[in-house]
Amino acid sequence: MLPSCYSKQADSSGKRSSIAKLLLGVFVVYMLHTAWLLFGFLNTKPCDGDRGELCITSYLTARPRLQLSVFTCLVPDNSPLNLAVKIDPFDPHSTFERQVNVSLPEETRANGTLYAVVYVHRAAVSPLEDSREVHYAAQLTTYITPPPTEGQKDTQKRPGSKNPVSHWRPHLSINMMSEDFTLNKAGLPSDVRRYMRVSQEGRQMIYLPLLLVNELSFRVRDLMEISSDTVQLPLTVSYEGISLRGFRFWVHLQDMVYSLRQFGFTEENIDEIKETLVGSNLYLLVLTAFITALQLICEFLALKNDISSWRKKKSMAGMSRKSVLWRSLSTLLIFLHLLEETSLLVLLPVGLGACVEVWKVFKVFKILLPCKSNKLHVNKVDEEERKTVEYDTQASRYLSYLVYPLCISGAVFSLAYLRQKSYYSWLINSLVTGVYAFGFLSMAPQLFINHKLKSVSHLQGTVLMYRGVNTLISDLCSCASFFSSSASFSSSHQLSCFRDELLFFLYLYQRRRYSAKPRRRESVPHTKKVKTQ
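Everything in this summary refers to the structure shown in the same document. Per chain, residue numbering runs from 1 following the sequence as it is written. Totals for whole chains, interfaces and linings use every residue, but because this is a predicted model, local features are given only for residues with pLDDT of at least 70 and side-chain atom pairs only at 80 or more, for both listing and counting. To obtain the side-chain values, all non-hydrogen atoms of the structure were used and water was disregarded.

Any covalent bond linking the sulfur atoms of two cysteines counts as a disulfide. Here, two cysteine sulfur atoms that lie within 2.5 Å of each other are counted as a disulfide. The full count for this structure, using the stated rule, is one disulfide. The disulfide that involves Cys 47 links it to Cys 55, with 1.9 Å between the sulfurs. Measuring the twist about the S-S bond at about -75°, one finds the Cys 47-Cys 55 disulfide to be left-handed. The exposure class assigned to Cys 47 is buried, which follows from its relative accessible area of 12%. Exposed residues in this analysis have more than 50% of their type's maximum accessible area, buried residues have under 20%, and partly exposed residues fall in between, with area computed by a 1.4 Å probe over protein chains only.

Here we take up the layout of surface pockets. Summary: where empty space remains is shown by rolling a probe the size of a single water molecule over the atoms. Of the pockets and cavities examined, the second largest pocket occupies roughly 490 Å³. Only protein atoms enter the 1 Å grid used here. Points where a 1.4 Å probe fits but cannot escape make up a cavity, open sets with protein on both sides within 12 Å along at least five of seven lines make up a pocket, and a residue lines them when an atom lies within 4 Å of a point. For the second largest pocket, the lining is made up of 25 residues, of which Arg 169, Glu 215, Phe 218, Tyr 258 and Arg 261 are closest to its centre. Elements with a contribution of two residues or more to the lining of the second largest pocket: β6 (134-139), β7 (141-144), α4 (244-262) and α5 (267-278). Counting from the N terminus, the helices are DSSP H or I runs at least four residues long and the strands are E runs at least two residues long. In terms of residue count, the dominant contributor to the lining of the second largest pocket is α4 (six residues). Side-chain classes are defined by residue name, with Ala, Val, Leu, Ile, Met, Phe, Trp, Tyr, Cys and Pro counting as nonpolar, Asp, Glu, Lys and Arg as charged, and the others, Gly among them, as polar. By residue class, the composition of the lining of the second largest pocket is 14 nonpolar, four polar and seven charged. Grid points are joined across faces, edges and corners, and a volume is the space filled by probe spheres set on the points.

Let's shift gears to the packing of α4 against α5. Each axis is a line fitted through C-alpha atoms, and for a helix only the stretch in contact is used; angles between axes span 0 to 180 degrees, taken between their N-to-C directions. Running from amino to carboxyl end, α4 crosses α5 at an angle of 160°, the nearest separation of the two axes being 10 Å. Regarding the angle of α4 to α5, the classification is roughly antiparallel. Note on packing geometry: the crossing formed by α4 with α5 is right-handed. From α4, Trp 250, Leu 253, Met 256, Val 257, Leu 260 and Arg 261 reach across to α5, where they touch Glu 267, Ile 270, Ile 273, Lys 274, Leu 277 and Val 278. The scheme is simple: roughly parallel for angles under 35 degrees, roughly antiparallel for over 145, roughly perpendicular for 65 to 115, oblique for anything else. By definition, turning the near helix anticlockwise from the far helix through less than a right angle yields a left-handed crossing, and turning it clockwise yields a right-handed one. The contact definition used throughout considers only heavy atoms, calling two residues in contact when any of these lie within 4.5 Å.

Salt bridge, as used here, is a side-chain nitrogen of Lys or Arg placed within 4 Å of a carboxyl oxygen of Asp or Glu. Taken as a whole, this structure holds twelve salt bridges when the rule is applied. Put simply, Glu 133 and Arg 197 hold a salt bridge, and the shortest N to O gap is 3.8 Å. With a gap of 64 residues between them, Glu 133 in the loop between β5 (115-122) and β6 and Arg 197 in the loop between α3 (190-193) and β11 (198-201) connect regions that are remote in the sequence. We note a salt bridge from Glu 215 to Arg 169, for which the minimum N-O separation is 2.9 Å. One end of the pair, Glu 215, is in the loop between β13 (211-213) and β14 (224-225); the other, Arg 169, is in the loop between β8 (165-168) and β9 (171-177), with 46 residues separating them in the sequence. Glu 215 sits in the partly exposed class, given a relative accessible area of 25%. Overlapping salt bridges bring together Asp 306, Arg 327, Glu 357 and Lys 360 as one network.

Our focus in this paragraph is the pairing of strand β2 (residues 66-73). Within β2, eight of the eight residues are buried, leaving the element largely enclosed by the surrounding structure. Covered by surrounding structure in β2 are Leu 66, Leu 68, Val 70 and Thr 72 together with Gln 67, Ser 69, Phe 71 and Cys 73, the residues of both alternating faces. Across six bridges, β2 lies against strand β3 (residues 82-90) in antiparallel orientation. Bridging across to β3, Leu 66 finds its partner in Phe 90. DSSP bridges decide pairing: two strands pair if at least two such bridges lie between them. With eight bridges connecting them, β2 and β5 associate as antiparallel partners. Looking at β5, one finds that Thr 72 is bridged to Ala 116.

As judged from the nine bridges shared by strand β4 (residues 95-103) and strand β15 (residues 232-242), these two strands associate in the antiparallel manner. Along β15, the bridge assignment pairs Arg 98 with Val 237.

Put simply, Asp 88 and Pro 89 share a cis peptide bond, and its omega is 0°. Even without being a glycine, Arg 63 presents a positive backbone phi close to 55°. The exposed category is assigned to Arg 63, whose relative accessible area is 59%. Of note in this structure, Lys 454 is not a glycine but carries a positive phi near 55°. Checked against the element boundaries, Lys 454 lands in the loop between α11 (444-453) and α12 (461-484). A relative accessible area of 43% means that Lys 454 is categorised as partly exposed.

For any pair of aromatic rings, geometry is given as the distance between the ring centres together with the angle between the planes. Whether two aromatic rings pair depends on their centres lying within 6.5 Å, for rings of Phe, Tyr and Trp, where Trp uses its six-membered ring; planes under 30 degrees apart make the pair stacked, over 60 edge-to-face, and the rest tilted. Counted under the stated rule, the structure contains eight aromatic pairs. Aromatic pair Phe 90 and Tyr 239: ring centres 4.9 Å apart, planes at 75°, arrangement edge-to-face. Taken together, the residues Phe 90 in strand β3 and Tyr 239 in strand β15 connect sequence positions 149 residues apart. Both rings, one in Tyr 136 and one in Tyr 195, keep their centres 6.4 Å apart while their planes meet at 10°; by these two values the pair is stacked. Taken together, the positions of Tyr 136 in strand β6 and Tyr 195 in the loop between α3 and β11 put the pair 59 residues apart, joining distant regions of the chain. An aromatic cluster is built from Phe 90, Phe 96 and Tyr 239, whose rings are joined through pairwise contacts. Only when the NZ of Lys or the CZ of Arg is both within 6 Å of the ring centre and within 35 degrees of the ring normal is a charge said to sit over the ring. Taking the ring centre of Phe 218 as reference, the NZ or CZ of Arg 169 above it sits at 3.9 Å. Across from the ring centre of Phe 218, 4.0 Å away, lies the NZ or CZ of Lys 274, which sits over that ring.

Okay, the sheet that holds β11 next. Pairing between the strands of a sheet comes from backbone hydrogen bonds, and it takes one of two forms, parallel or antiparallel. A sheet is described by the order of its strands in space; here four strands give the open sequence β10-β1-β12-β11, paired in mixed fashion. Of all the strands in the sheet, the pair left with one neighbour each is β10 (183-184) and β11. Relative to strand β12 (residues 204-207), strand β1 (residues 55-58) runs parallel, the two being bridged by three bridges. Across the sheet, the residue bridging to Ile 56 is Met 205, located in β12.

This part covers the environment of Thr 113. Structurally, Thr 113 is set in the loop between α2 (106-109) and β5. Classification of Thr 113 as partly exposed rests on a relative accessible area of 23%. With 27 residues separating them along the chain, Thr 113 and Leu 140 place their C-alpha atoms 7.5 Å apart. With residues near it in sequence (within four places) discarded, Thr 113 still touches Leu 74, Thr 108, Gln 139, Thr 141 and Tyr 143.

The next subject is the sheet that holds β9. Ordered in space as β4-β15-β9-β13, the four strands form an open sheet in which the pairing is mixed. Edge positions in the sheet fall to β4 and β13, since each of these pairs with one other strand and no more. When strand polarity is set aside, the average angle formed by the axes of neighbouring strands in this sheet is 20°. Summarising the sheet, β9 and β15 pair through seven bridges and their orientation is parallel. Looking at the pairing, Ile 174 lines up with Tyr 239 of β15. Most of the contacts of α4 go to β13, to which it runs at about 40°, and overall it touches β9, β13 and β15.

Given below as structure tokens:
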């Protein structure tokens, strides 16, 4: 029988493993559900009336003569409409672009708002008198904090710049489903149902055109500040007819961007995501989502196994103190760098990883903080750990001959950056650039210790495997994006591709060379048993 303390530890470890398996199972089920939704999204079946299904046909099947009108107003459905664009006759299958000048009312010039209301209605009939009209309201203005002018420092912004100012959106992109698609009332998708208006003629049900204003078309860099002297501003109105699949695609993308904005993403980060989404096709986005899910699973498993192995670790023989300390400082620097320009959704996993790395520093240096007293206690190291510290110091000294001159020269070279940013921003950016450029060398002291000790048993191979696969996937995607598109990456990011894998492959070589080979069983001659009478 095991003692009670061992049984309690086994029960607690079993509970932790069951919770981790439960979370992983929930994530896998969520990803399978998302894959099933994507499959249904890509394979929307038309309605078959011969089988007795209740079908809803498109209003565009009868080829009515339509007109597209764009009005401006202060408040949708509650203020006078001013006609800005009129397309008569309007062909839903066509593609066009018009440039007009929009007059701004006094309320808009006084830091107010302005809306555009897009109507699709019967030609030669007012949209207010047409019972089968469809309309969509979109904002032509948005409130953002204006950036500081050139030559001004962060501490010397112009007066009033902290208050949001009304800006003009110079692009209005209109999409409408022009496909003649018959929908099944029983299996109507929820994303289509939100934009659908149904009209019934006897037993026949007709759905009106599905209209959408594409919010992904405008960028923050295209916004124009509205001042009190601004009388007119240009507006580019574009239209494109799309299929049902394309309509649902844009609806889901706009919902995703709205969710990111609610999670605290800045408009600059959302602009980068918009460019990625708009410039990619549907299949590439599905592949990106699959790769992201795979990376999340690998990162979760690596973090879980890492915490579990370090909790059970009693001896720090073979563990590089400098590597653990360097990794902790690097994670904290990246967290401080992202703190200024990233949302809370991205900061949470990075902050959790930083906390785990700081906890490792306390473990590897054997720093204890008892609950009853506030004094720090440092435990003594044994002979094997003292030998590890000597090897670690020797490897760090050799590594410093290469890293320190490179980091100092990089910081001096980035002094030109100081003219545009504060001292704090320059310091953080210089340190983060050094982490990106030479952070891969943090594993070098650990490899040196493995070589001296002729062993890798002190390392958690599962954690390194998960992180190695995750890093390899990230580098493959980064290099593929760099060579296949005109996306701009920093020089440090370009250099970081496939450098971590070089040291990881060295670790795999050490693991194969220093692993203990299983002994073969010695052959024992077979002897017959003699029965005793």
